[in-house]
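# Observations on the model geometry
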Amino acid sequence: MSYTQIETAPREEIRELQNERLRETVRRAYENVEYYRKAFDGAGVAPKDIRTVDDVRKLPFTTKEDFRDQYPDGLFAVDDDEIRRIHASSGTTGKPKIVSYTENDLDVWSEVVARCLVASGVEPGDTVQNGYGYGLFTGGLGLHYGIEELGATVIPIGGGQTQRQVELLQDLESDAIACTPSYSLYLAETAAEMGVDPRDLSVSTVIFGAEPCTEPMREEIEARLGATGIDIYGLSEIIGPGVSNECHELQEGLHVWEDHFYPEVIDPETGEPLPAGEEGELVLTTLTKEALPVLRYRTGDLTTLTTETCECGRTMVRMDNVTGRADDLLIVRGVNLYPSQIEAVVLEFDAVAPYYRIDLSREDALDRFELTIEREPDVEIDDGELRDRVLTRLQNALSFTPDELIIADPGSIERTEVGKVKRVYDHR
Ligand code: DLL
């Protein structure tokens with residue numbers, strides 16, 4: 001089942017719609033945003049050169065820096081009185097990115113989130129507890145209006161108040177919960193501490209996003225909550241949550257709502273577009289956004305596109321789960337590593353809980369990599385043996401061993417109750 005007919009439309013129909021919408025978006029951006037006008041002129045392209053999505057590669061990229069340079073509203077394409085809402089992404093450095101929506105943009109947003117919910121297995125009449133933060137972050141309100149649009153009931157608790165969340169899950173018998181993957185584990189842990197078996201809760205679907213989640217982490221979530229874990233992806237610059245979503249039928253790749261967002265994958269080094277099946281950086285172009293049309297935005301997220309048709313019947317392209325960003329890459333003593341690779345290895349061990357942190361420092365001009373993992377409660381294995389096994393496995397899988405591997409007591413690695421989890425601390 002899908003929420004709209006277009007999700008299962010023939011590819012040619014989707015392509016036609018994309019071409020038409022791209023031309024309109026390019027025109028709107030060029031006419032109304034000085035930044036784009038200059039960027040087009042600088043690259044020697046005119047709106048008339050962009051006829052189909054194949055021409056999109058003629059356009060220059062838009063980057064995070066461009067958003068920062070144009071702070072707060074240099075990229076807006078409509079007058080202030082047409083803007084109905086503003087959100088901001090919580091950049092860790094410098095100014096946040098300010099994003100805006102017209103009434104139509106808000107309608108589109110609700111619709112794409114409703115599609116995500118249906119793809120996740122949520123039905124009208126279901127109850128969804130929304131554990132994404134409300135406010136400037138797009139997670140809370142983005143999910144909220146999508147849930148209402150679908151005709152489901154939203155419980156707008158937002159982030160934090162974890163014991164209360166558990167009580168509400170019990171008392172209101174929610175069918176699904178939407179929150180970050182790390183928070184869903186924290187919820188399960190809190191429930192257990194309260195004497196509630198999280199698998200006894202009525203929740204059958206966890207809609208997780210806003211953070212990377214490796215397959216072993218998903219397995220932990222599903223096992224601990226006795227629910228299906230479905231990945232939702234999005235980013236503020238493009239719309240917020242709702243750019244793409246896994247289907248519960250297959251749980252293999254996230255369908256990109258291509259009639260609103262045109263995806264490309266590029267080689268992050270050269271900027272050259274890569275064919276389907278090859279991993280690179282995701283670049284997105286909005287096709288219907290009015291207040292903030294965004295052309296060829298370099299998301300920094302690493303993924304692969306798949307054009308094979310899906311068992312669920314949707315014809316829209318799928319992207320792989322994003323398990324890292326190009327700038328997550330850790331270069332330690334010449335070895336290139338993504339935190340997700342470490343996560344996938346350490347979570348293979350039943351004795352290791354799904355919490356870890358990485359501390360990078362510099363000692364005598366050398367990088368020092370400290371990995372802290374957490375022991376599961378009530379495990380038989382002693383720390384020395386666990387350490388040896390994890391180190392051997394890291395060496396075999398990644399040709400890498402940390403300078404120090406700390407095995408922390410159960411519950412001792414800090415949990416994130418609000419916002420996005422932070423696992424890498426670079427003190428260099
Ligand atoms: O995190 C929007 C969102 C809210 C998505 C709720 C899903 C659910 P930003 O704060 O702008 O927006 O952060 C966007 O978060 O570029 C990715 O690096 C990361 N991200 C978002 N969803 C996923 C996901 C929201 N499913 C940035 N898997 C993106 C991995 C994700 N990373």
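Please read these numbers as outputs of a predicted model, since none were measured by experiment. In every chain, residue numbers begin from 1 and rise along the written sequence. For this predicted model, a pLDDT threshold of at least 70 governs which residues receive local features, and a threshold of 80 or more governs which side-chain atom pairs are given and counted, while totals over whole chains, interfaces and linings are taken from all residues. As a rule here, side-chain values come from all non-hydrogen atoms in the structure, and water together with hydrogens is ignored.

### Side note on the side chain of Thr-102
Helical segments are the DSSP runs of H or I of at least four residues, strand segments are the runs of E of at least two, and each set is numbered from the N terminus. Secondary-structure assignment places Thr-102 in strand S2 (residues 97–102). Partly exposed describes any residue whose relative accessible area lies between the buried limit of under 20% and the exposed limit of over 50%, with all areas from a 1.4 Å probe on protein chains only and scaled to the type maximum. According to the relative accessible area criterion, Thr-102 is buried, its value standing at 3%. Nitrogen and oxygen atoms within 3.5 Å of one another constitute a polar contact, given that in protein one can donate a hydrogen and the other can accept it, and given that sequence-neighbouring residues count only through two side-chain atoms. A polar contact of 2.7 Å, which involves the side chain of Thr-102, links it to the side chain of Glu-290. Any two residues whose heavy atoms approach within 4.5 Å are treated as being in contact. Not counting residues up to four positions away in its chain, the partners in contact with Thr-102 are Val-78, Glu-82, Arg-84, Glu-290 and Ala-291.

### Overview of the site of the ligand
Near the ligand you find 21 residues, and of these Asp-231, Ile-232, Ser-236, Asp-301 and Lys-420 are the closest. One nitrogen or oxygen atom from the side chain of Ser-236 is found 2.5 Å from an oxygen atom belonging to the ligand. Contact distances for the ligand include 3.3 Å between an oxygen atom and a side-chain N or O atom of Arg-325. Computed by Shrake-Rupley with a 1.4 Å probe, the accessible areas treat only the displayed protein chains as cover when residues are assessed. In isolation the ligand exposes 610 Å². Once the protein is present, 94% of that is buried. Contributing elements (two or more residues each) for the shell around the ligand: helix H5 (138–150) and strand S7 (228–235). Proximity criterion: a residue is near a molecule or strand once any of its heavy atoms comes within 4 Å of it.

### A few points about helix H1 (residues 11–32)
Every helix has an expected span of 1.5 Å times one less than the residues it contains. Its 22 residues place the ends of H1 31 Å apart at the C-alpha level, agreeing with the 32 Å of an ideal helix rising 1.5 Å per residue. Along H1, the positions that sit buried rather than exposed are Ile-14, Gln-18, Asn-19, Leu-22, Thr-25, Val-26, Arg-28 and Ala-29. Turning to H1, the residues buried within the fold contact helix H2 (34–43), strand S10 (261–266) and strand S11 (280–286).

### Some words on the side chain of Ser-182
Relative to the helices and strands, Ser-182 is located in helix H7 (residues 181–193). Apart from the residues lying within four places of it in its own chain, the contact partners of Ser-182 are Glu-211, Val-421 and Arg-423.

### Description of the domain arrangement of the protein
Domain assignment breaks the protein into domain 1 (1–326) and domain 2 (329–426). Here the C-alpha centre of domain 2 lies 29 Å away from the C-alpha centre of domain 1. Across the contact, 23 residues belong to domain 1 and 19 residues belong to domain 2. Criterion for a salt bridge: a side-chain nitrogen of Lys or Arg within 4 Å of a carboxyl oxygen of Asp or Glu. Among the ionic pairs, Glu-189 bridges to Arg-415, the shortest N-O distance being 2.7 Å. Scanning the region where domain 1 abuts domain 2 turns up 11 residue pairs in polar contact (both at pLDDT 80 or more). Here the side of domain 1 that touches domain 2 takes 5 residues from H7, the largest share from any one element. Amino acids are sorted into nonpolar (Ala, Val, Leu, Ile, Met, Phe, Trp, Tyr, Cys and Pro), charged (Asp, Glu, Lys and Arg) and polar (every other residue, Gly among them). Each residue belonging to the side of domain 1 that touches domain 2 can be placed in one class, and the counts come to 10 nonpolar, 8 polar and 5 charged. Boundary definitions for the domains trace back to an automatic or database domain assignment.

### Regarding helix H8 (residues 215–225)
Among the residues of H8, those classed as buried are Pro-216, Met-217, Arg-218, Glu-220, Ile-221 and Leu-225. Those residues of H8 that are buried lie in contact with H7, strand S6 (205–209), S7, strand S8 (240–246), helix H9 (339–346) and strand S17 (352–363).

### What to know about the sheet that holds strand S9 (residues 254–256)
Hydrogen bonds along the backbone pair up the strands of a sheet, which may run parallel or antiparallel. If you walk across this open sheet you meet the 9 strands as S4-S3-S5-S6-S7-S8-S9-S14-S13, and the pairing is mixed. In this open sheet, the two edge strands, each paired with only one partner strand, are strand S4 (153–155) and strand S13 (305–306). Strands are labelled as partners when DSSP assigns at least two bridges between them. Sheet topology note: the S13/strand S14 (residues 318–319) ladder contains 2 bridges and is antiparallel. Each bridged residue has a counterpart across the sheet, and for Leu-305 the counterpart in S14 is Met-319. Set on the sheet, H5 makes contact with strand S3 (127–130), S4, strand S5 (176–179), S7 and S8; between it and S3 the angle comes to about 170°. Only the stretch in contact is used when a helix axis is fitted, and all axes are lines through C-alpha atoms; the angle between N-to-C directions ranges over 0 to 180 degrees. Where helix H6 (residues 162–172) meets the sheet, its contacts fall on S3, S4 and S5, and the angle it forms with S3 comes to roughly 175°.

### Here's the deal with a negative patch on the surface
Negative charge collects at one region of the surface, where Asp-73, Asp-79, Asp-80, Asp-81 and Glu-82 lie side by side. Inspection of the secondary structure puts Asp-80 in the loop between helix H3 (64–69) and strand S1 (83–89). Taking relative accessible area as the criterion, Asp-80 reaches 59% and is therefore assigned exposed. A residue counts toward a patch only above 30% relative accessible area and without a salt bridge, and it is joined to like-charged neighbours within 9 Å or, for Val, Leu, Ile, Met, Phe, Trp and Tyr, to nonpolar neighbours within 5 Å. Positive charge is attributed to Lys and Arg, negative charge to Asp and Glu, and no charge count is given to His or to the chain ends. Each charge is placed at NZ for Lys, CZ for Arg, CG for Asp and CD for Glu.

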